[in-house]
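Residue strings, one per chain:
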Amino acid sequence: MMFSATTHLARFAATKPSPAHAAAAAASLARTLATVVPSTPVTPTKASKSPAALALQVAANAPAKPAASLVPTPLTPLSLGARSSTAASPSFRVTPTPETAVPAELKLQSGHVFTGQCYGAPRSIGGEVVFTTALVGYPESLTDPSYAGQILVLTQPLAGNYGVPAPTYDLDSGLPQRFESDRIWARAVVVADYTWQFSHREAVMSLGAWCRAQGVPILSGIDTRELVQVLRNHGSTLGTVAVGGQEQVAFDNPNATTNLVASVSTKSPVVYGRGRNHKVAVVDFGAKYNILRALLAPGDVEVTLLPHDFPLHEVYQQFDGIFLSNGPGDPMQQTASVAALRKVFAAEAAVPAHAKVPVMGICMGNQIMGLAAGMSTYKLKYGNRGHNQPCLDLTKPVPTCVITSQNHGYALDDNPATMPDGWMTYYRNANDGSNEGIMGGGGKWRAVQFHPEAAGGPSDTMHLFDAFDKDVRAYHELRTAAKGAKKEKVGTSASVHDVFAGYLKERASGMTLSSSA
């Protein structure tokens, strides 16, 4: 796919922090999902308070602050745990419509064959077969870009019973309130028992209808207990969903044939909360929307989403913090991202620890940070995917355990014998001993392999966003003071807009990015 510099520059320049822009963004996103249920009204709404926030408000007997307030509010684990907006309940009930299935098979490269029925889209497709132990949250999981290229097996035996919620949006950010991206990224879903008979006050469609509209098959009637045993014994393997009467598709290794990160990353910078005081750059390897919600939650943070291979080292001095997002695939493919971050680390090497630019990473971001520091990565046998992974915080005198949400198939090699100087293991998985986080830069550069933003899953580690936000504010004060003394380095680098123009020229000169997921 070739890039048009004019098109992308126009898109970047058009990003304004006005109510009109927010409404337009929400309407654009709404159209993406509105095709699923054409008869369902799709109305962007203001984010409502969570039950936890309402409880605090009642206890204090004080009125709630506006959700879009630009005044920073005190950050607490409880307030951050409520970052994901609660969608307004529809004023109607949708009656489920019976769905029919066609015979289908799941064929593994190992030779195992599992027979079932296909709901959703009757489509044969191949991908990497992985499993998640999450009990709830299939709307969030299926829209998680980290599942791009994968056939997702649900160990929870029942799926579809609570349907799919309405695509409502927050007017301040334009982000959907119940999904982690604009579309389903998993190539197929495998479950023991799918039901179209959903029942939930917020449901407006069945899981099957949603998947059918987006070309995603649901394979039901599979003995997922046996299937997961195969995956645990043989490791994650390639597979195909073969729908009866259709031509057999070839096994496809998305980690080798596709730059999955390039397929899910933004193609141009996108600004959320433009004009706010504190500036954070998010390198988009496939960022979940709840990461953006968490960063925007304080109310006075401007977030700029950058393409995965953007020359970060040329613009990082304009920001108060850098965030490296989650994403799919093999981190070793992201050579441009690693090289750019390595240049940032080199430029900051001589800066005192308290004055270094804060950097935080999640999932793929942990691996990119490790590679930039000089570590290596390897593929896990079957990965860690679910909402119940225990991790130990090794920075405590007595390591404390937290329960985390995870979705990754690769890990950092944090062997102490090869650990680069100035770096240490931050968290470790209590089940398999794999790396779950690293720390460097005197504590200002931190990354975790798990997902503190959850969506879905536990919010035990939401405090990590508190810590990053604290660092961002401290760094902002240093920059402001230095600028006042005319010693500040900000402004010596080119603007994001100018660098983006050069970035597009490089792409137009012959470089292409795969968009297949």
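Residues numbered from 1 in each chain as written. Predicted model: local features only at pLDDT ≥ 70, side-chain atom pairs only at ≥ 80, totals over all residues. Heavy atoms only, no water.

**Q** Got a sec to walk through the overall build of the protein chain? Specific residues and values, please.
**A** Regarding its fold elements, the protein chain presents 14 helices and 21 strands. Looking at the protein chain as a whole, 56% of its 517 residues qualify as buried. Partitioning the intrachain contacts of the protein chain with sequence separation of at least 6 by distance along the chain shows that 79% fall at a separation of at least 24. Summed over all atoms, the accessible surface of the protein chain reaches about 20,500 Å², with 56% contributed by carbon and sulfur. (Helix = DSSP H or I, 4+ residues; strand = E, 2+ residues; numbered from the N terminus. Buried < 20%, exposed > 50% of the residue type's maximum accessible area, 1.4 Å probe, protein only. Contact = heavy atoms within 4.5 Å. Areas by Shrake-Rupley, 256 points an atom, 1.4 Å probe, with all protein chains shown as cover.)

**Q** Which residues make up the nonpolar core, and what are the values?
**A** Counting residues in each nonpolar core, the largest one holds 38 residues, and the members touching the most others are Leu 312, Leu 341, Met 369 and Trp 423. Of the residues forming this core, the biggest block, 6 residues, is contributed by helix α12 (residues 364–373). Those residues in contact with Leu 341 that lie beyond four places of it in its chain are Leu 312, Leu 324, Ile 368, Met 369 and Ala 372. By size, the runner-up hydrophobic cluster in this structure holds 31 residues, among which are Val 270, Ala 294, Phe 450 and Phe 468. (Core = buried A, V, L, I, M, F, W, Y, C linked by side-chain atoms within 4.5 Å.)

**Q** Would you mind going over the pattern of salt bridges in detail, with residue names and values included?
**A** Per the counting criterion, the structure on display carries 14 salt bridges. A salt bridge links Glu 105 to Lys 107, with the nearest nitrogen and oxygen atoms 3.7 Å apart. A residue is classified by how much of its surface remains accessible, and Lys 107, at 26% relative accessible area, is partly exposed. Among the salt bridges present, the one from Asp 414 reaches Arg 428, with a minimum N-O distance of 3.0 Å. (Salt bridge = Lys/Arg side-chain N within 4 Å of Asp/Glu carboxyl O.)

**Q** I'd love a proper account of the sheet that holds strand β13 (residues 278–283), names of residues and values included.
**A** Strand order in the open sheet formed by 10 strands is β12-β14-β13-β15-β16-β21-β20-β19-β17-β18, with mixed pairing between adjacent strands. In this open sheet, the two strands that pair with only one neighbour each are β12 (270–272) and β18 (400–413). Taking each pair of neighbouring strands and ignoring which way they run, the sheet shows an average axis angle of 20°. As defined by bridge partners, strand β16 (residues 359–362) adjoins strand β21 (residues 445–448) across 4 bridges and the pair is classed as parallel. Bridge assignment links Met 360 to a residue of β21, and that residue is Arg 446. (Pairing = 2+ DSSP bridges. Axes fitted to C-alpha atoms, helices over the stretch in contact; angles between N-to-C directions.)

**Q** Outline empty space enclosed by the protein, listing residues and values.
**A** Sizing a probe to match a water molecule and rolling it over the atoms shows the empty space that remains. Counted under the stated rule, the structure contains 5 cavities of 30 Å³ or more. Lining the largest cavity are 16 residues, and of these Gly 327, Gly 329, His 408, Gly 409 and Tyr 410 sit closest to its centre. Those elements giving two or more residues to the lining of the largest cavity turn out to be α12, β17 (376–393) and β18. It is β18 that provides the largest number of residues to the lining of the largest cavity, a total of 4 residues. In terms of residue class, the lining of the largest cavity is built from 4 nonpolar, 9 polar and 3 charged. In terms of lining residues, the second largest cavity is bounded by 15 residues, among which Ser 141, Asp 144, His 387, Ser 405 and Asn 407 are the most central. Listed by contribution, the elements that provide at least two residues to the lining of the second largest cavity are α5 (138–142), β17 and β18. Looking at which element gives the most residues to the lining of the second largest cavity, the answer is β18, with 3 residues. Looking at side-chain class alone, the lining of the second largest cavity contains 3 nonpolar, 9 polar and 3 charged residues. (1 Å grid on protein atoms, 1.4 Å probe; cavity = no way out; pocket = protein on both sides within 12 Å on 5 of 7 lines; lining within 4 Å. Points joined across faces, edges and corners; volume = space filled by probe spheres on them. Nonpolar A, V, L, I, M, F, W, Y, C, P; charged D, E, K, R; others polar.)

**Q** Any chance you could break down the confidence of the model for the protein chain for me, citing the residues and the numbers?
**A** Within the protein chain, residue pLDDT values average 84, and 79% of them lie at 70 or more. Here residues 1–19 is a poorly scored stretch, pLDDT under 50, and it has 41 contacts once near neighbours within four places are set aside; other chains count. (pLDDT = per-residue confidence, 0-100.)

**Q** Help me get a handle on the packing of aromatic side chains, residues and values and all.
**A** For the structure shown, the criterion picks out 14 aromatic pairs. Ring centres of Phe 345 and Trp 445 lie 4.3 Å apart, and the angle between their planes is 25°; this geometry places the pair in the stacked category. Of this pair, Phe 345 sits in helix α11 (residues 335–348) while Trp 445 sits in strand β21; the two residues are 100 residues apart in sequence, bridging distant segments of the chain. The exposure class assigned to Phe 345 is buried, which follows from its relative accessible area of 8%. (Phe/Tyr/Trp six-rings, centres within 6.5 Å; stacked < 30°, edge-to-face > 60°.)

**Q** Summarise the sheet that holds strand β7 (residues 188–190); cite the residues concerned and give the values.
**A** The strand order β1-β2-β10-β7-β4-β3-β11 describes a closed barrel built from 7 strands, whose pairing is mixed. Neighbouring strand axes in the sheet, compared pairwise and without regard to direction, differ in orientation by 35° on average. In the sheet, strand β4 (residues 150–154) pairs with β7 via 3 bridges, with the strands oriented parallel. Across the sheet, Val 153 pairs through a bridge with Val 190, a residue of β7.

**Q** Residues and numbers for the pairing of strand β2 (residues 113–120), please.
**A** Pairing analysis gives 6 bridges linking strand β1 (residues 102–108) to β2, with the strands arranged antiparallel. Of the residues in β2, the one forming a bridge with Glu 105 is Thr 115. Connecting β1 to the antiparallel partner β2 that follows it, the hairpin turn spans 4 residues, and Gly 111 within it adopts a positive phi of roughly 105°. Pairing geometry for β2 and strand β10 (residues 217–220), over 4 bridges, is antiparallel.

**Q** So what's going on with the side chain of Ser 325? Residues and values would help.
**A** Of note, Ser 325 is situated in the loop between β15 (321–324) and α11. Within the structure, Ser 325 has its side chain in polar contact with the backbone nitrogen of Phe 285 (distance 2.9 Å). Once residues lying within four places of it in the same chain are set aside, the contact partners of Ser 325 are Val 282, Val 283, Asp 284, Phe 285, Gly 286, Ala 287, Ile 362, Met 364 and Gly 365. (Polar contact = N/O pair within 3.5 Å; in protein donor to acceptor, adjacent residues only side chain to side chain.)

**Q** Describe the pairing of strand β11 (residues 237–243), with residues and values.
**A** Among the 7 residues that make up β11, 7 are buried, leaving the element largely enclosed by the rest of the structure. Alternating residues of β11 divide into Thr 237, Gly 239, Val 241 and Val 243 and Leu 238, Thr 240 and Ala 242, and every residue in both groups is buried. Relative to β11, β1 is paired through 5 bridges, and the arrangement is antiparallel. Looking across to β11, one finds that Leu 106 is bridged to Val 241.

**Q** Explain the state of the cysteines to me, and be specific about the residues and the numbers.
**A** Under the counting rule described, the total for this entry stands at 0 disulfides. In this structure Cys 391 is not part of a disulfide, and its nearest cysteine sulfur, from Cys 401, lies 7.2 Å away. On the basis of relative accessible area, Cys 391 is assigned to the buried category, the value being 0%. (Disulfide = S-S within 2.5 Å.)

**Q** So what about α12? Which residues, and what values?
**A** For α12, the tally of buried residues reaches 10 of 10 residues, placing the bulk of the element in the interior. Residues of α12 that are buried: Met 364, Gly 365, Asn 366, Gln 367, Ile 368, Met 369, Gly 370, Leu 371, Ala 372 and Ala 373. Positive backbone phi, at 115°, marks Gly 374, one or two positions downstream of α12.

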